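Chain by chain, the residues:
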Amino acid sequence: MKPRAMTALTPAPMTAQQFEVEACRLDSAELWDGRVLLREPAGWPATGTNARLVALVGQHLMAAGKGLFFESSAGFLLRRNPDRVLAPDLAVIVDETQITLPTHGFPELTPDLVAEVRSPGDSWEYVLCRGGLWLGHGVKVVWLIDPLARRAVELRPERAPVLLAEAAPPAAEVVALDGAPVLPDLRVPLAQLFPALR
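Asks: How would you summarise helix α2 (residues 46-64) if you had to cite specific residues and measurements?
Replies: The terminal C-alpha atoms of α2, which comprises 19 residues, lie 27 Å apart, in line with the 27 Å expected from a rise of 1.5 Å per residue. What α2 keeps buried is the set A46, G48, T49, N50, L53, V54, V57, G58, H60 and L61. Looking one or two places after α2, you find G65, whose phi comes out positive at around 70 degrees.

Structure, rendered in structure tokens:
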């Protein structure tokens, strides 16, 4: 739910620790290679779609009794010197027993699965670029969701992108986001993400 254009707030490079202090004063920001960039509010329908997505994935993980999930206010420290802290709209860590989350600051790790939801101010090309960025940082499954066009793209390393579009009624086919190989039993039907937009 990030805008196409973000506003740089700092002329000099900043560390993740310095950004933690600044981020408390800002509503929504990321640290891009030492530069604080302010994000605009996402607005509707992106926030509604993202809330549904987080709820559905969270219900799945809680029912399974494993895994951690985070919504769009959680930042991850993906690289240092210069520091990069990015916040996906949804992040999943499958095996929480293998990590130690800090009591403050940003976890220095790469999520297993992330999702980005297109905001009205985003171009679809921008969202696709965000997906490539996450793959470059080692994410195993990336979901890019476009509530405006009622479609999604799944990205996985060294595989062709998978384009999904909501089936038109009265089609019986259930079109769903697939969590494999990270969460092979997770499927999120697009129809459950978009019904409020009809």
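Asks: Kindly report on the environment of I99, identifying the contributing residues and their values.
Replies: Tracing the backbone through its elements, the reader meets I99 in the loop between β7 (90-93) and β8 (113-117). Taking the C-alpha atoms as reference points, I99 and L109, separated by ten residues in sequence, lie 8.6 Å from one another. For I99, the residues in contact, after removing those within four places along its chain, are L68, I93 and L109.

Asks: Can you explain the sheet that holds β7? Please cite residues and give values.
Replies: An order of β4-β7-β8-β9-β10-β11 is seen for the six strands of this open sheet, with the pairing classed as mixed. The sheet is open, and its two borders are formed by β4 (68-71) and β11 (162-165), each paired with just one other strand. Pairwise comparison of adjacent strand axes, ignoring direction, gives a mean angle of 15 degrees for this sheet. Relative to β8, β7 runs antiparallel, the two sharing three bridges. By the bridge assignment, L90 is partnered in β8 with A115. Seen against the sheet, helix α3 (residues 124-136) touches β8, β9 (141-146) and β10 (151-155) and runs at an angle of roughly 170 degrees to β9.

Calculation notes
Per chain, residue numbering runs from 1 following the sequence as it is written. The predicted origin of the model limits local features to residues at a pLDDT of at least 70 and limits the giving and counting of side-chain atom pairs to 80 or more, whereas totals for whole chains, interfaces and linings rest on all residues. In computing side-chain values, all of the structure's heavy atoms are included and hydrogens and water are not. Helix numbering and strand numbering both begin at the N terminus, where a helix is a DSSP run of H or I of at least 4 residues and a strand a DSSP run of E of at least 2. To estimate the expected span of a helix, subtract one from its residue number and multiply by 1.5 Å. Relative accessibility thresholds used throughout: buried, under 20% of the residue-type maximum; exposed, over 50%; partly exposed, between the two (1.4 Å probe, protein chains only). What makes two residues a contact is simply this: any of their non-hydrogen atoms within 4.5 Å. For two strands to pair, DSSP has to find at least two bridges joining them. Axis definition: a line fitted to C-alpha atoms, limited for helices to the stretch in contact. Angles are taken between N-to-C directions and run from 0 to 180 degrees.

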